[in-house]
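Chain by chain, the residues run as shown.
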Amino acid sequence: MELAQSIILLLVGAAVFIIGMNMMSGGLKKSTGRSLKRLLNRIKDNHFAGLGIGTAVTALIQSSAATSVMALGFINAGAMSIFQGVCIILGAYIGTTVTGLIASLSSFPVSHYFVLLAVVGVILMFFKKERIKNIGEILAGLGLLFFGLNTMSDAFKNSAELTGGIQSFFLAIDFPPLLILIGAVVTALFQSSSATSGIAIAMVSTGALEFNDAIYLVLGATIGTVITTLIATIGSNVNAKRTGIICLIIRVFTASVALAIYWPLSSFFNELLLKAFASPALAVAMFLVIYNVIFMVLALPFVRLFEKLSIKLIKDKDEEKMKKSLKYIDKHLLNTPSIAMMQVKKEIINMMDLSYNNIQLGFKRIIEQDNTNDKVIIETEDKIDYINNKITDFMIDLTHTVSISEEKTLGSYFHVVNDIERIGDHAFNFYESSLKMVDNDLSFSEIAKKEFNDMFDVVNQMFALTLTIFDNGTRENLKKLHDLENQTDELKNILSTAHYERIQKHECKMENSPFYTTLVSELERVADHLVNIGYSIVNPTGDDLFEKKIIN
C-alpha cells in the first residue's frame, strides 16, 4: 500500500511540476512574446549574436521549444535563413538549462517556502491589469514547479521500496549509452528536456538515482528535446525541415562526443562536480549548463557545414521538379557567350509557351468553371516564376561577357521576360477569380461567354504573331500586331458597355460585374504585354515611338 501511494505521489508530483513549468513559461511568453519575436526577426548572419539572443530569449520564456518554433516559423516564412535559425536554436539549448538550475534549488531547505509563490501568483491573477496577471501566472507556475519537485522528493523519502526499486532498475542497466537512450525517449514523450532534467534532479536529491546515472539521463534529454523541433517542421517548407535535421545531427553528435570524453573519466568528473557544487542536484544542473555552453559554442563554426549536409540529406523535390522546367540554359554556357545568347532566346520561347498554355487553361477555368486542370495551372505558374528568376540571373551574369550589340539585345530580353511573367500572372488571376465565382455560386451568361471568346480569339492571334516576331526578329507583322492590340482596346469598351446595358435590362446579375470587368481588363492587359514583347526586339524604346515612325 505504501509503495502504491508513493508511486501515485511521484506521478502527481511530476504532473504538477510539468503544469507549473508550462504555466511559468506561458506567463513569460505573454509578458515578452511580441518584443522577443521582433528581436528574433532582426538577427543577421552573426552566429554569436544569434546564439546570444537564442539563449536570452529562452532564459526569459523558459522554453527552448517555444524559441525553436518561433525560429522555424521565421524560416518557413522566408524571413530567416537556416544559418540564422540554427544559431538561435543552439542558443535556446543553452537558455533552457536555467530550468534545471531552478529545479536544483529544491535540494536546499529554503525551497519549501518557494511553494508560497503559487499563493502570491494566484492572488495577482485576480487583478484586471494584464501585466500583473502575467506576473501572477509566472509566480504561480514557479510555485507549482517547486511544489511538484517537493512532492516527488517526498514520494522517494516516504518509500524505501520505491527508492530501492528505482536504484535496482538503474543498477541493472549500468550502461551509459542505454541510459542516454532512456533519457532521450522519456524526453521525447514529455516533449520537454526540462521535465526530464527536473525529475532526474529530484531523484538525485533524495538518493533514488545515482549521480553518475543522472548525468547520462540528462545528456540523453538533450537529444530527446529535438523531437519538438522535428514535430514543428511537419508541413513546413524544405528549409524548416533541414533546420530540424541539423539540430538533430548536432545534438546526437555533441552528446556522442561528450559520452566519449565523460565515460572513461567519469570518476574524475563526478568527483570534480560534487566538490565544486553544494549538492548533487546542483551539480547535475551545472553539468547541463557547462555541457551546453561548451558544445553549442563549439558547434557554431560548423553550422554552415551541417547546412550543406542537410541539403544533401533532404532534397528539395520542388526545386528538382522546377529544374526540369529549364530546357536550354546552364551556367556552363557562360563560357561561350554567343551560344549562351542563342540558348537564352530558346528558353524565353519555352517560357512563353508555358504562359500561352496557362492562359488557355486559366481562361477555360473561368468560362467553364472546370476544375480538372487546377493543379496544372498552379504548377505552371510556379514554373514560369522559376524560369523568370533563373533567366534573369543568367542574363545578369552573361551581360559582363557579351559584345555591345549583344548587350542591347539582352536589355530587350529583360523586358520580354518581365512581360511574359506578367502574362503568366494574368492566367493565374483567371484561376483565382474562377474560385471566387464558384464560392459565390456565380457564372457568366451565354452571351457574356461568347463576348469573352471573341476577345480571347484576338488575344490568341496576337500570341501567334508575337512568337513569330520574337523568333524571327522581323518587322513585317508589327503593323498587324499593333492593329490587333487596338482591337482589344475597342472590344474592352464595347464589352463593358454591353454588360452594363444587360444589367439595366436585368438580363445579367449585378454580382457578376466585378468578375466581368476584371476579366475584360485582364485580357486587354495580356494584349498590352504581347505587343510590348513584339516591339521590344525591333524597338526596345516602346510601342508609341515605333507607332509614330512606322504607322503614321
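What comes next is a walk through the structure. Remember, predicted model here, so these are calculated numbers, not experimental data.

The rules behind these values
Position numbers for residues count from 1 along each chain, tracking the sequence in the order it is written. This being a predicted model, a pLDDT of at least 70 is required before a residue's local features are given, and a value of 80 or more before pairs of side-chain atoms are given or counted; all residues contribute to the totals for chains, interfaces and linings. Side-chain numbers here rest on the full set of heavy atoms in the structure, without hydrogens or water. Going along the chain from the N terminus, every DSSP run of H or I of four or more residues is numbered as a helix, and every run of E of two or more is numbered as a strand. The definitions used throughout rest on a 1 Å grid laid over the protein atoms alone, on which a cavity is an enclosed set of points accommodating a 1.4 Å probe that cannot get out and a pocket is an open set flanked by protein within 12 Å on both sides along at least five of seven lines; lining residues are those having an atom within 4 Å of a point. Grid points are joined across faces, edges and corners, and a volume is the space filled by probe spheres set on the points. When residues are sorted by character, Ala, Val, Leu, Ile, Met, Phe, Trp, Tyr, Cys and Pro go into the nonpolar class, Asp, Glu, Lys and Arg into the charged class, and all the rest, Gly among them, into the polar class. Remark: nonpolar core denotes a set of buried residues (Ala, Val, Leu, Ile, Met, Phe, Trp, Tyr, Cys) joined through side-chain atoms within 4.5 Å. We call a residue buried when its accessible area falls under 20% of the maximum for its residue type, exposed when it is over 50%, and partly exposed in between, using a 1.4 Å probe and counting protein chains only. By definition, residues are in contact when any of their heavy atoms lie within 4.5 Å. The span you would expect from a helix comes to 1.5 Å times its residue count less one. Only centres within 6.5 Å qualify two rings of Phe, Tyr or Trp (six-membered ring in Trp) as a pair; their planes then separate them into stacked at under 30 degrees, edge-to-face at over 60, and tilted for everything else. Two conditions define a charge sitting above a ring: the NZ of Lys or the CZ of Arg must be within 6 Å of the ring centre, and it must be within 35 degrees of the ring normal. For salt bridges, the criterion is a side-chain nitrogen of Lys or Arg within 4 Å of an Asp or Glu carboxyl oxygen.

1. Quick look at the environment of isoleucine 234
Line of reasoning, step 1. Structurally, isoleucine 234 can be placed in the loop between helix H12 (226-232) and helix H13 (238-262).
Line of reasoning, step 2. The spatial distance from the C-alpha of isoleucine 234 to the C-alpha of glycine 244 is 9.8 Å, given a sequence separation of 10 residues.

2. Comments concerning unusual backbone geometry
Line of reasoning, step 1. For glutamine 369, which is not a glycine, the phi torsion comes out positive at approximately 55°.
Line of reasoning, step 2. On the secondary structure map, glutamine 369 appears in the loop between helix H18 (337-368) and helix H19 (374-399).
Line of reasoning, step 3. Residues other than glycine seldom take positive phi values, yet aspartate 441 does so here, at roughly 55°.
Line of reasoning, step 4. Take aspartate 441: it is sitting in the loop between helix H20 (404-439) and helix H21 (446-472).

3. Quick word on empty space enclosed by the protein
Empty space among the atoms becomes visible once a probe the size of a water molecule is rolled across them.
Line of reasoning, step 1. Tallied over the entire structure, the rule returns two cavities of 30 Å³ or more.
Line of reasoning, step 2. In this structure, the largest cavity is lined by 14 residues; those nearest its centre are Thr96, Thr97, Ser193, Ser197 and Leu288.
Line of reasoning, step 3. Taken together, the elements giving at least two residues each to the lining of the largest cavity come down to helix H5 (97-104), helix H10 (193-206), helix H11 (211-224) and helix H15 (280-299).
Line of reasoning, step 4. The element best represented in the lining of the largest cavity is H10, accounting for three residues.
Line of reasoning, step 5. A breakdown of the residues in the lining of the largest cavity according to their chemical character gives three nonpolar, 10 polar and one charged.
Line of reasoning, step 6. In this structure, the second largest cavity occupies an estimated 30 Å³ of space.
Line of reasoning, step 7. Lining of the second largest cavity is provided by Leu361, Lys364, Arg365, Asp370, Asn373 and Ile377.

4. Some points on the nonpolar core
One broad rule of soluble globular proteins: the nonpolar side chains tend to lie buried together.
Line of reasoning, step 1. Counting residues in hydrophobic clusters, the biggest one holds 69 residues, and the most contacted among them are Leu90, Ile250, Phe287 and Met296.
Line of reasoning, step 2. Considering each element in turn, this core owes the most residues, 10 residues, to H15.
Line of reasoning, step 3. Excluding residues that lie within four positions of it along the chain, isoleucine 250 makes contacts with Val86, Leu90, Met296, Ala299 and Phe306.
Line of reasoning, step 4. If you look at the next biggest cluster of nonpolar residues, it comprises 63 residues, including Ala340, Ile384, Tyr516 and Val531.

5. Description of H19
Line of reasoning, step 1. Spanning 26 residues, H19 covers 38 Å between terminal C-alpha atoms, matching the ideal 38 Å at 1.5 Å per step.
Line of reasoning, step 2. For H19, the complete set of buried residues consists of Asp374, Ile377, Thr380, Glu381, Ile384, Tyr386, Ile387, Asn388, Ile391, Phe394, Met395 and Leu398.

6. Describing the packing of aromatic side chains
When we look at a pair of aromatic rings, we describe it by the centre distance and by the angle of the planes.
Line of reasoning, step 1. One pass over the full model with this rule turns up 14 aromatic pairs.
Line of reasoning, step 2. When the ring of phenylalanine 175 is compared with that of tryptophan 263, the centres are 5.6 Å apart and the planes differ by 80°; the resulting orientation is edge-to-face. Taken together, the positions of phenylalanine 175 in the loop between helix H8 (160-173) and helix H9 (176-190) and tryptophan 263 in the loop between H13 and helix H14 (266-276) put the pair 88 residues apart, joining distant regions of the chain.
Line of reasoning, step 3. Residue class for phenylalanine 175 comes out partly exposed when judged on its relative accessible area of 40%.
Line of reasoning, step 4. When the centroid spacing of 5.5 Å and the interplanar angle of 75° are considered together, the rings of tyrosine 262 and phenylalanine 287 count as edge-to-face. Pair noted here: tyrosine 262 is in helix H13 and phenylalanine 287 is in helix H15, with a separation of 25 residues, a long-range link.
Line of reasoning, step 5. Tyrosine 262 gets classed as buried once you look at its relative accessible area, which sits at 6%.
Line of reasoning, step 6. An aromatic cluster is present here, built from Tyr216, Tyr262, Phe268, Phe269, Phe287, Tyr291 and Phe295 joined pairwise through their rings.
Line of reasoning, step 7. For the cation-ring pair, arginine 304 lies above phenylalanine 83, with the distance from its terminal atom to the ring centre recorded as 3.8 Å.

7. Notes on the pattern of salt bridges
Line of reasoning, step 1. Using the criterion set out here, one finds nine salt bridges in the structure.
Line of reasoning, step 2. The salt bridge partner of lysine 449 is glutamate 446, with a shortest N-O separation of 3.6 Å. You can see lysine 449 and its partner glutamate 446 sitting in helix H21, three residues apart, about one turn around the helix.
Line of reasoning, step 3. Residue lysine 449 is classed as buried on the basis of its relative accessible area of 19%.
Line of reasoning, step 4. A relative accessible area of 59% means that glutamate 446 is categorised as exposed.
Line of reasoning, step 5. A salt bridge links lysine 479 to aspartate 483, with the nearest nitrogen and oxygen atoms 3.0 Å apart. Here the residue lysine 479 and the residue aspartate 483 both occupy positions in helix H22 (residues 478-504), the gap between them amounting to four residues, near one helical turn.
Line of reasoning, step 6. Of the residues examined, lysine 479 reaches a relative accessible area of 42% and is grouped as partly exposed.
Line of reasoning, step 7. Residue aspartate 483 is classed as partly exposed on the basis of its relative accessible area of 34%.

8. Structural notes on H21
Line of reasoning, step 1. Here H21 is 27 residues long and its end C-alpha atoms lie 39 Å apart, about the 39 Å a rise of 1.5 Å per residue gives.
Line of reasoning, step 2. Directly after H21, the chain includes glycine 473, whose backbone phi takes a positive value near 70°.

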